[in-house]
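Architecture and fold: a report
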Amino acid sequence: QDLYNILGNKISNEMQKAIIRNNCPPQIAERMCTAIDGQEKVEHFQRLLQEYNDWLISQQSQQAAIAAFLREYYK
């Protein structure tokens, strides 16, 4: 699902940039397209950060479960 969302956003961004390039002076269009690209990079970074955070929480839960098991096992 994430891959489809990423692809859909990429297509949408490219369409927006094409419209901007066709309707704005080159200097303005370039700045607007750069802003769209920057926002795309931010979204990718946020997604990566969220995945890392989810993984970290999972690791902490596993470590807590192992520690609880070992405490109970070695009573």
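For the structure, see preceding data.
Predicted model, so just to flag it, every value in this text is computed and none were measured.

The next subject is the overall build of the chain. Scanning the chain from terminus to terminus reveals two helices and zero strands. What you see for the chain is a C-alpha radius of gyration of 22 Å, clearly larger than the 11 Å of a compact globule of 75 residues, by over 25%. Here the chain, with 75 residues, has 9% of them falling under the buried criterion.

The next subject is the packing of aromatic side chains. Applying the stated criterion across every chain, the model contains three aromatic pairs. Here Phe69 and Tyr73 contribute two aromatic rings whose centre-to-centre distance is 5.7 Å and whose plane-to-plane angle is 20°, an arrangement assigned as stacked. On the criterion of helical spacing, the pair formed by Phe69 and Tyr73 is a turn pair, its members being four residues apart in helix H2 (residues 26-73). Of the two residues examined, Phe69 and Tyr73, each falls in the exposed class. Taking 4.9 Å as the distance between ring centres and 90° as the angle between the ring planes, the aromatic pair formed by Tyr73 and Tyr74 counts as edge-to-face. Per residue, the accessibility class of Tyr73 equals that of Tyr74, and both read exposed. Among the aromatic residues, those joined into a ring-pair cluster are Phe69, Tyr73 and Tyr74.

The next point concerns helix H1 (residues 2-23). Helix length check: H1, at 22 residues, gives a terminal C-alpha distance of 31 Å against a target of 32 Å (1.5 Å per residue), a fit within 8%. Its buried side turned inward, H1 meets H2.

The rules we used
- Residues numbered from 1 in each chain as written.
- Predicted model: local features only at pLDDT ≥ 70, side-chain atom pairs only at ≥ 80, totals over all residues.
- Heavy atoms only, no water.
- Helix = DSSP H or I, 4+ residues; strand = E, 2+ residues; numbered from the N terminus.
- Rg over C-alpha atoms; globule rule 2.2 N^0.38 Å.
- Buried < 20%, exposed > 50% of the residue type's maximum accessible area, 1.4 Å probe, protein only.
- Phe/Tyr/Trp six-rings, centres within 6.5 Å; stacked < 30°, edge-to-face > 60°.
- Expected span 1.5 Å × (residues − 1).
- Contact = heavy atoms within 4.5 Å.

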